[in-house]
Amino acid sequence: SFAGGLWRHGLNNSLTLEGHTAITSKTELLQLGAVTALPFQLLGRVAAASSHVKELGNGTQWLLGLERQNLRFGAFFEAQGASNNFRDLGQEVTVTPTKLQLAGNISYTSDTQGTFGLGFAKIQQYNNPTVTTFSGNYSIRIGKSTSFNLNASEAKINNLSSRSVGLNFFVALDNNRVASAYANSSGTKNDFYATYTQNPDQDNHLGWRTLIGQQQNQGREEGGAYYYGRYGTVTGDVSNTSDQTTA
């Protein structure tokens, strides 16, 4: 059995209150929150929740968030935590909640220099190691048909860390054709491949693709052809690595 309700009320142009309740045969949940406009074009959010599960008793969860968005600049931060006995609706009793979760990002877009972004996240569990990640990305459009994207990230678990750097280059060509190049390095594993694709359209029902490069430090080649006709579709693919060939 299930019963639930949702309430939302705007007190004025800058403050909205909301509440949610749900009751099942095993779980009772109550959530209250508010969203408000703040100075400096900030949007704030606060929420608190309480749960009662027969096997665990009472638990609580809280959330705080800040956000700012305009045409060029964006920023977001959110913090959320929960007690060990809190369970959301549908969450198994044996699955513990996240003890503390922090997340944030900022981005800036320029008319001529592209888009820059930085992000971070930290997840602290009750029964598992804490995971912290940092990331950055940069993308730019070159001319009318070319784009370039660069990204980097680092993940830390206790005293262990892993880093990854990747880039992607994309070019839209005439006659519905696309060329791209992708590269990524993560620890001792490296990926690099180039693709060339013909996409089918109303005038040309035949499409194909080719790929050549390496994946996880192993050479890889792929090819495929696709025909989308009036009376049906015919497709075929083949791939080859240093230890396997499939078709």
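Definitions and cut-offs
- Residues numbered from 1 in each chain as written.
- Predicted model: local features only at pLDDT ≥ 70, side-chain atom pairs only at ≥ 80, totals over all residues.
- Heavy atoms only, no water.
- Helix = DSSP H or I, 4+ residues; strand = E, 2+ residues; numbered from the N terminus.
- Rg over C-alpha atoms; globule rule 2.2 N^0.38 Å.
- Buried < 20%, exposed > 50% of the residue type's maximum accessible area, 1.4 Å probe, protein only.
- Contact = heavy atoms within 4.5 Å.
- Areas by Shrake-Rupley, 256 points an atom, 1.4 Å probe, with all protein chains shown as cover.
- Lys, Arg positive; Asp, Glu negative; His and termini not counted.
- Charge placed at Lys NZ, Arg CZ, Asp CG, Glu CD.
- Salt bridge = Lys/Arg side-chain N within 4 Å of Asp/Glu carboxyl O.
- Patch = residues over 30% accessible without salt bridge, like charges linked within 9 Å, V, L, I, M, F, W, Y side chains within 5 Å.
- Pairing = 2+ DSSP bridges.

What should I look at first to understand the overall build of the protein in this one?
Within the protein, the secondary structure is distributed over 0 helices and 17 strands. Relative to its length of 247 residues, the protein is extended, with a C-alpha radius of gyration of 25 Å against a globular reference of 18 Å. Taken along the three principal axes of its C-alpha coordinates, the protein extends 60 × 50 × 45 Å. Each of the 247 residues in the protein was classed as buried or not, and the buried ones make up 21%. Partitioning the contacts of the protein with sequence separation of at least 6, the portion at a separation of at least 24 is 24%. Total accessible area computed for the protein in this model is approximately 16,100 Å², and 56% of it derives from carbon and sulfur atoms. Once the 18 positive and 17 negative side-chain charges of the protein are each reduced to a mean point, those two points are 5 Å apart.

Is there a simple way to explain the side chain of Thr241 in this structure?
Along the chain, Thr241 falls in strand β16 (residues 232-241). Its relative accessible area of 17% is what places Thr241 among the buried residues.

Just to check I follow, could you spell out the pattern of salt bridges for this structure?
As a working rule, side chains carrying opposite charge can pair if their charged atoms are close by. Applying the stated criterion across every chain yields a total of 6 salt bridges. Between Glu154 and Arg163 there is a salt bridge, and its shortest N-O distance comes to 3.0 Å. According to the relative accessible area criterion, Glu154 is buried, its value standing at 17%. Assessed through its relative accessible area of 54%, Arg163 is described here as exposed.

I would appreciate a short explanation of a nonpolar patch on the surface in the present structure.
A contiguous nonpolar surface patch, about 400 Å² in accessible area, is contributed by Leu38, Leu66, Phe77, Phe120 and Phe134. Tracing the sequence through the fold places Leu66 in strand β5 (residues 57-69). Looking at Leu66, the relative accessible area reads 39%, which means it is partly exposed.

Sorry if this is basic, but what is going on with the environment of Ser145 here?
Looking at where Ser145 falls in the secondary structure, it is placed in the loop between β9 (131-142) and β10 (146-157). With residues near it in sequence (within four places) discarded, Ser145 still touches Phe170, Val171 and Ala172.

What should I look at first to understand the pairing of strand β13 (residues 189-198) in this one?
Within a regular strand, side chains alternate between the sheet's two faces. Bridging between strand β12 (residues 177-186) and β13 involves 10 bridges; their strand directions are antiparallel. Each bridged residue has a counterpart across the sheet, and for Asn184 the counterpart in β13 is Asp191. Between β12 and β13, which pair antiparallel one after the other, the connecting turn spans 2 residues, and Gly187 there sits at a positive phi close to 65°.

In short, shape yes, function no, at least from these values alone.
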